[in-house]
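# Results of the structural survey
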Amino acid sequence: MISKQMQQEVAGSSAIRAMFLEGKELAGRIGAENVYDFSLGNPMTPVPECYNQAIIEAVRTESSMELHGYMDNAGYEKTRQAVADNLNQRFGTEFEAKHIVMTVGAAGALNVVFKTILDPGDEVLALAPYFGEYRGYVANHQGVLREVKPDIPSFQPDLADLESKITEKTKALILNNPVNPTGVVYSEKTIQGIAAILEEKQQEYNHEIYLVSDEPYRELVYDGEEAPFLTKYYDNAFITYSFSKSLSIPGERIGYIAACPWMAECAQAVQGLSVANRILGFVNAPSLMQKALVKAIDARTDVDYYDRNRQLIYGKLTELGFTCVKPQGAFYLFIQSPDKDEKKFVEAAKKHNILLVGGSSFSCPGYVRLAYCVSYEMIERSLPAFEKLAEEYRRDLR
């Protein structure tokens, strides 16, 4: 018999994955071309060719021992320095290789950070709506997740609520920018406001409150937007990053943690990250992917592909009367449910073979998430189905 805790985890398993599997089953019955699956944030764009070539070059030129063997738990120094140099060039920061820990994606990075900083009972604040897996990541390390409500309709965080939620037990605030599921980019004003509150509370409680920034969508921004880089505003900050979206390689599980050089006891913190990487069972990030990154650190996916999808789906749904948060980044559209019970709206959409994810999965009931990291042609095929869905809710749409 599995543990009671794991039984609870299984019972509350990801609604996103469940919807994805349901879509697979539906496609098997009626044909994939007739299913409009917007459930999973699975990158659609091709992997940059320079990254593929970097992998091939590494396999051809590196010795087997070097390419496939163990290395420092923090990763290859050359890779870490490449990451540091890239960040410094782009954001005017002062990272060195010693501030970087290579990780098994952003999920691995977040678990490594929480393992490093949390004692049992410590509280971690999350800005709603947020990626539901954060609950599990915090619980993995005996932390307690508390939610900060958003300011609707902007979906910037409610800073007054944030200030009221910080207690002596608060150890960290996790934020995701651009945001999954809304596509909102937290503005510089918002980041400055958050930093000011955390600074004040650190003084009040006389201990560090860490800002943990989850940034897998950093490169996916539109209309000239830019996600503010956190270490420019707050010293006790960890940046966690994944190349899953920026290079379209989610299955390769490669990312990093960047610890702000001005963090209190930074050297000790990085040492903790390296040890946590090992004892959590990751040991180190995938060696081949680290080697490839050195040659392709500046590569990016085709953001214009997602922007084209964004404009089509946002324009059409708002034309039909749906109220949507206009995405500034990532590849998600957050739609206000015309039914007070968003689950009923999700079920109604299924009748038209449209698969969406309820906002309750992101601690924001009354909304649904649509992932537009799909083919443009699928979006076009789905539009008549959305028209029929809108017709069902005509009285409830604006």
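Use the structure listed above.
Residues numbered from 1 in each chain as written. Predicted model: local features only at pLDDT ≥ 70, side-chain atom pairs only at ≥ 80, totals over all residues. Heavy atoms only, no water.

## Details of the packing of helix H6 (residues 105-117) against helix H10 (residues 266-279)
In the contact formed by H6 and H10, the axes pass within 8 Å of each other and the chain directions differ by 115°. Crossing of H6 over H10 shows right-handed handedness. Side by side, H6 and H10 meet where Val112, Val113, Lys115 and Thr116 of the first sit next to Ala269, Gly272, Leu273, Ala276, Asn277 and Ile279 of the second. In terms of residue class, the contact of H6 with H10 is made up of six nonpolar, three polar and one charged. (Axes fitted to C-alpha atoms, helices over the stretch in contact; angles between N-to-C directions. Helix = DSSP H or I, 4+ residues; strand = E, 2+ residues; numbered from the N terminus. Left-handed = near helix turned anticlockwise from the far one by under 90°. Contact = heavy atoms within 4.5 Å. Nonpolar A, V, L, I, M, F, W, Y, C, P; charged D, E, K, R; others polar.)

## Side note on the environment of Ile30
Along the polypeptide, Ile30 turns up in helix H2 (residues 15-30). Ile30 sits 49 residues away from Thr79 along the chain, and the two C-alpha atoms are 46 Å apart. Those residues in contact with Ile30 that lie beyond four places of it in its chain are Val35 and Asn353.

## What about the pattern of salt bridges?
If you walk through the whole model with that rule in mind, you get 18 salt bridges. In this structure, a network of salt bridges that share partners links the residues Arg90, Glu215, Arg218, Glu219 and Arg300. (Salt bridge = Lys/Arg side-chain N within 4 Å of Asp/Glu carboxyl O.)

## Some words on the environment of Tyr76
Within the element layout of this structure, Tyr76 appears in the loop between helix H4 (64-68) and helix H5 (77-91). With near-sequence residues (within four places) excluded, Tyr76 lies in contact with Glu66, Leu67, Gly69, Met71, Ser287, Gln290 and Lys291. A distance of 2.5 Å separates the side chain of Tyr76 from the backbone oxygen of Glu66, its partner in a polar contact. (Polar contact = N/O pair within 3.5 Å; in protein donor to acceptor, adjacent residues only side chain to side chain.)

## Here we look at the packing of aromatic side chains
Within this structure, the stated rule accounts for 19 aromatic pairs. Plain terms: the ring middles of Tyr130 and Tyr134 are 6.1 Å apart, the flat faces sit at 5° to each other, and that makes the pair stacked. Taking 5.1 Å as the distance between ring centres and 5° as the angle between the ring planes, the aromatic pair formed by Phe334 and Tyr367 counts as stacked. Placement of Phe334 in strand E12 (residues 332-336) and of Tyr367 in strand E15 (residues 367-371) is noted, with a sequence separation of 33 residues between them. Per residue, the accessibility class of Phe334 equals that of Tyr367, and both read buried. By way of ring pairs, the aromatic residues Tyr217, Tyr305, Tyr306, Phe331 and Tyr332 are connected into one cluster. The side chain of Lys291 reaches across the aromatic face of Tyr76, ending 4.2 Å from its centre. Above the plane of the ring of Tyr376 lies Arg308, whose end atom (NZ or CZ) is 3.6 Å from the centre. (Phe/Tyr/Trp six-rings, centres within 6.5 Å; stacked < 30°, edge-to-face > 60°. Buried < 20%, exposed > 50% of the residue type's maximum accessible area, 1.4 Å probe, protein only. Lys NZ or Arg CZ within 6 Å of the ring centre and 35° of its normal.)

## A short note on helix H14 (residues 376-392)
The end-to-end C-alpha distance of H14, which contains 17 residues, comes to 25 Å, matching closely the 24 Å that a straight helix rising 1.5 Å per residue would cover. A maximum bend of about 35° is found in H14 at Leu383, where proline Pro384 lies one to four positions downstream. Residues of H14 that are buried: Tyr376, Met378, Ile379, Ser382, Leu383, Ala385, Phe386, Leu389 and Ala390. Packing partners of the buried residues in H14 comprise strand E1 (36-37), helix H12 (303-319), helix H13 (342-350), strand E13 (354-355) and E15. (Expected span 1.5 Å × (residues − 1). Bend = angle between axes of the 7 residues up to and from the residue.)

## A few points about the sheet that holds strand E4 (residues 144-148)
One open sheet holds the seven strands; their spatial order is E2-E10-E9-E8-E7-E3-E4, and the pairing between them is mixed. What marks the edges here is a single partner per strand, and that holds for strand E2 (100-103) and E4. Taken pair by pair, the neighbouring strands of this sheet meet at an average axis angle of 20°, ignoring direction. Relative to strand E10 (residues 255-259), E2 runs antiparallel, the two being bridged by four bridges. Paired with Ile100 across the two strands is Ala258, which belongs to E10. The strands that H10 touches are E2, strand E9 (237-242) and E10; relative to E2, the one it contacts most, it runs at about 15°. (Pairing = 2+ DSSP bridges.)

## Observations regarding the sheet that holds E12
In spatial order, the strands read E11-E12-E15-E14; together these four strands make up an open sheet with antiparallel pairing. Two strands lie at the open edges of the sheet, namely strand E11 (324-325) and strand E14 (357-358), each paired on one side alone. As paired strands, E14 and E15 are joined by two bridges and run antiparallel to one another. When the sheet's bridge partners are listed, Val357 is paired in E15 with Arg369. On the sheet, H13 packs against E14 and E15 and is oriented at approximately 40° with respect to E15.

## Let's talk about H12
In an α-helix there are 3.6 residues to a turn, and that puts residues three or four apart on one side. In this model, H12 (17 residues) spans 24 Å end to end at C-alpha, consistent with the 24 Å of a helix rising 1.5 Å per residue. Looking at the buried residues of H12, the elements they touch are E11, E12, E15 and H14. Measuring from the backbone nitrogen of Asp304 back to the side-chain oxygen at the start of H12 gives 3.2 Å, which picks out Asp302 as the cap. Gly321 sits one or two residues past H12 and shows a positive phi near 105°.

## Examining the pairing of strand E8 (residues 210-214)
Side-chain positions along a regular strand alternate between the two faces of the sheet. Counting buried positions over the five residues of E8 gives five, a clear majority of the element. Covered by surrounding structure in E8 are Tyr210, Val212 and Asp214 together with Leu211 and Ser213, the residues of both alternating faces. As paired elements, strand E7 (residues 170-176) and E8 share five bridges and run parallel to each other. Within the sheet, the bridge partner assigned to Leu173 lies in E8 and is Leu211. In this fold, E7 hands off to helix H9 (residues 188-205), which returns the chain to E8; that crossover is right-handed. Where E8 and E9 come together, four bridges link them in parallel fashion. Each bridged residue has a counterpart across the sheet, and for Val212 the counterpart in E9 is Phe238. (Right-handed = clockwise from strand over helix to strand, strands pointing away.)

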